[in-house]
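Structure assessment
The primary structure of each chain is shown beneath.
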Amino acid sequence: MKSAVEIQSLVKTYNNFKLGPLDLTVEEGMVVALLGSNGSGKSTLLQTIMKLKNHDYGNVKVLGMDINEHEVQVKERIGYAGGGLYGAFNQLTVDGLAELVGHWYTNWDQAYYERLINRYDINRKEKFAHCSMGTKKKVEFILAMAHHPKLLLLDEPTANVDMISQQRMREDLSLFMADDQHTIVMATHLQEEVKQLCDYICLLDNGQIKDMFEKDEVQYRWARIWLSHFPDLLKDDGRVWQIEESPVQIVTNQLSELEKELQQQQIEIIHVKHLDLHEIMEYILQL
Ligand SMILES: Nc1ncnc2c1ncn2[C@@H]1O[C@H](COP(=O)(O)OP(=O)(O)OP(=O)(O)O)[C@@H](O)[C@H]1O
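Residues numbered from 1 in each chain as written. Predicted model: local features only at pLDDT ≥ 70, side-chain atom pairs only at ≥ 80, totals over all residues. Heavy atoms only, no water.

**With respect to the overall build of the chain**
Broken down by element type, the chain carries 10 helices and 14 strands. Based on the C-alpha atoms only, the size of the chain along its principal axes is roughly 70 × 40 × 35 Å. Looking at the 287 residues of the chain, the share that counts as buried comes to 49%. Of the contacts formed within the chain by residues at least 6 apart in sequence, a portion of 67% connects residues at least 24 apart. A distance of 6 Å separates the average location of the 29 positive side-chain charges in the chain from that of its 43 negative side-chain charges. (Helix = DSSP H or I, 4+ residues; strand = E, 2+ residues; numbered from the N terminus. Buried < 20%, exposed > 50% of the residue type's maximum accessible area, 1.4 Å probe, protein only. Contact = heavy atoms within 4.5 Å. Lys, Arg positive; Asp, Glu negative; His and termini not counted. Charge placed at Lys NZ, Arg CZ, Asp CG, Glu CD.)

**Let's talk about the domain arrangement of the chain**
Here the chain is described as being made up of domain 1 (3-218) and domain 2 (222-284). Inter-centroid distance (C-alpha atoms) of domain 1 to domain 2 is 38 Å. Between domain 1 and domain 2, the residue contacts involve 11 residues of the former and 7 residues of the latter. For the pairing of domain 1 and domain 2, the buried interface totals around 730 Å² over both sides, and the portion due to carbon and sulfur atoms is 73%. It is Gln191, Leu203 and Val218 in domain 1 that bury the most area against domain 2; as a group they hold 57% of the surface buried on that side. Linking domain 1 with domain 2 are 0 salt bridges. Here domain 1 and domain 2 share 3 residue pairs in polar contact (both at pLDDT 80 or more) between them. Of the residues contributing to the side of domain 1 that touches domain 2, the split by class is 6 nonpolar, 1 polar and 4 charged. (Domains from an automatic or database assignment. Buried area = accessible area lost by both parts, 1.4 Å probe. Salt bridge = Lys/Arg side-chain N within 4 Å of Asp/Glu carboxyl O. Polar contact = N/O pair within 3.5 Å; in protein donor to acceptor, adjacent residues only side chain to side chain. Nonpolar A, V, L, I, M, F, W, Y, C, P; charged D, E, K, R; others polar.)

**Things to note about the sheet that holds strand 10 (residues 208-214)**
As summarised here, the arrangement of the 6 strands in space is 6-7-8-3-9-10, forming an open sheet in which the pairing is mixed. Every other strand in the sheet has two partners, leaving strand 6 (78-81) and strand 10 as the edge strands with one partner each. Adjacent strand axes in the sheet meet at a mean angle of 15° when their direction is disregarded. Across 4 bridges, strand 3 (residues 31-35) lies against strand 8 (residues 183-187) in parallel orientation. From the neighbouring strand, Val32 faces strand 8, where its bridge partner is Val185. With respect to the sheet, helix 5 (residues 133-145) is in contact with strand 6 and strand 7 (151-155), its orientation differing from that of strand 6 by roughly 175°. (Pairing = 2+ DSSP bridges. Axes fitted to C-alpha atoms, helices over the stretch in contact; angles between N-to-C directions.)

Below is the structure:
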């Protein structure tokens, strides 16, 4: 499988913040959610991959090309929807902006742009500066999609977007992923988005990648188990993340392993409940 994004030893510093050093590989055909609290570095990472911000150290390759050596070819293949890209042009109407952006891309598809404008019920004559926050998000999304990129970098694409449009965006993203050479990296705070769209979760914490895991696998492994009595053997076990005594219950990130061991020790499992993604993330981020 080819890499859509390959990052090695990346460092980007601001006065009071340092992203990295971090390594990250995203395979073609994957949807990766960047999760992390406010200020953890998600937007900075996306902007660095898009080369809207220059990094201090490290290498960033997109679709096999170094972003410093092949900036134009790389940008041609990325659809970026995140704040700030159109700030300098926000006195243009939506159509005016599309005309400008359309010139940047050899693959610009005016018919597809028009379909999306209608689908999301956008007033194409409105100045971008006057669009509501949600409408701006939808316009950014449409402009990112309309040149048929290979890689989508999306920074909270559905924030402030109405529910029907959110659902349509998820449908359009699922359709985009029908091509197995397509890839999405998206920053999000929405569990629903992660559940519906993402294959992998990359957890950022204070500029560092804390963990990266396959969504389905992690949800299968993490569970709360209610037990007939507490097995002393599990007291200092790294697979046990929380213990409560009344009623006896543990939280583990290795469900099937522990189930077998508990059975061997003849400890009755009364009930097993898989954790929600947000609960899993809370445990991991507390590490
Ligand atoms: N242009 C800048 N100059 C100085 N510091 C910046 C700049 N842009 C971002 N930062 C700082 O970098 C850190 C990471 O910001 P970033 O926007 O990447 O976080 P985030 O994870 O996307 O947050 P959120 O979830 O709130 O969108 C923050 O501390 C922010 O203040």
